[in-house]
Amino acid sequence: IAESRCKTDRIDARILADLLRIGYLPEVYQPSARCRSWRQLVSEHRALMSDQVRFCCRARMLLSREGVLVQATDCFGKKGRASIAAAALSLQTRRQINRLIKLYDNLNEEMLEVDTQIERVAAGDRIASLLMTIDGIGALTALALRAHIGDIRRFGSPKALAAYSGLIPSLRQSAETVHHGHITRQGPSVLRWLLIQAVPHAVRTTPYLRRLYSRLCYRTSVAAAKVAVAHALIRIVWHVWTEARPYYRVAS
């Protein structure tokens, strides 16, 4: 058995060597040191934001135990803090809420530092500056695209870039039967998250994306419409990047 296994390994190794020799095996992409540093910067921003959301959820849970419901969207915003200050809370709950507010404020200071660094890096990069001309894409999203895509020449078409971002429908095919399912969700999750976050601004300012969003909201659902607009955005990213020109809106 060991001899047979060894023989099979030799055969597989020779087949792989032949495929590599004739160029049938694509090379694995290795991001540059600059792209890796940008990825760390984007990850730091996302981690800080996640901590902020966690502190807000913790505060709402503590307030709900006291029968207090904060109507403000931002629990630790100006209106939210005013509601918390006016609420009748127990001493222990008040102490816990105050501690969460201090932690939240400390995170805000760190977030401002990271945001300033992201804006500075994005403004100094030519491709990121071009991507920021697309409606809905700011410094954070542009830098995330630069960091995770790296070399746009790896993707020969907008469809290839959309597939990398995981924003294309999954496909199951057997003989002549074809089933399209939910998006594949492959590739960096941060890209999908940021592109979907960019949808509300994009549909307000771009007539084409607004029509696409409205039509799909009527036919399917809001969630599916957001994913479709995010898919359209990543295709726009490919064109702006490869053509090295700012994005321009077509008159409605």
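Model, not experiment: these values are computed from the prediction.

> Please provide a residue-by-residue account of a nonpolar patch on the surface, values included.
A cluster of nonpolar side chains, namely Leu-16, Leu-20 and Leu-25, defines an oily patch on the protein surface of about 270 Å² accessible area. The class for Leu-20 is exposed, based on a relative accessible area of 54%.

> Which residues make up the pattern of salt bridges, and what values go with them?
All chains considered together, the criterion is met by six salt bridges. Between Asp-125 and Arg-146 there is a salt bridge, and its shortest N-O distance comes to 2.8 Å. One end of the pair, Asp-125, is in the loop between α4 (91–123) and α5 (126–131); the other, Arg-146, is in helix α6 (residues 139–149), and 21 residues separate them in sequence. Residue classification places Asp-125 among the buried positions, given a relative accessible area of 9%. The shortest N-O distance in the salt bridge between Arg-245 and Glu-243 comes to 2.4 Å.

> With reference to specific residues and values, describe the nonpolar core.
Phe-76, Leu-131, Ile-134 and Val-237 are the most contacted members of the largest nonpolar core, which has 72 residues in total. In terms of residues, this core owes the most to one element, helix α11 (residues 222–243), which gives 12 residues. Residues within four places of Leu-131 in sequence aside, it is in contact with Ile-137, Ala-142, Leu-145, Arg-146, Val-237, Val-240 and Trp-241.

> Account for unusual backbone geometry, with residues named and values stated.
Trans is the prevailing form of peptide bonds, just as negative phi is the prevailing case for residues other than glycine. A positive phi angle, near 60 degrees, is found at Arg-185, a position not held by glycine. As for its placement among the helices and strands, Arg-185 is situated in the loop between β2 (177–183) and α8 (189–197). The class of Arg-185 is exposed, set by a relative accessible area of 60%. One non-glycine residue, Ala-244, adopts positive backbone phi at about 55 degrees. Mapping Ala-244 onto the fold places it in the segment after α11. What makes Ala-244 partly exposed here is its relative accessible area of 40%.

The rules we used
Residues numbered from 1 in each chain as written. Predicted model: local features only at pLDDT ≥ 70, side-chain atom pairs only at ≥ 80, totals over all residues. Heavy atoms only, no water. Patch = residues over 30% accessible without salt bridge, like charges linked within 9 Å, V, L, I, M, F, W, Y side chains within 5 Å. Areas by Shrake-Rupley, 256 points an atom, 1.4 Å probe, with all protein chains shown as cover. Salt bridge = Lys/Arg side-chain N within 4 Å of Asp/Glu carboxyl O. Buried < 20%, exposed > 50% of the residue type's maximum accessible area, 1.4 Å probe, protein only. Helix = DSSP H or I, 4+ residues; strand = E, 2+ residues; numbered from the N terminus. Core = buried A, V, L, I, M, F, W, Y, C linked by side-chain atoms within 4.5 Å. Contact = heavy atoms within 4.5 Å.

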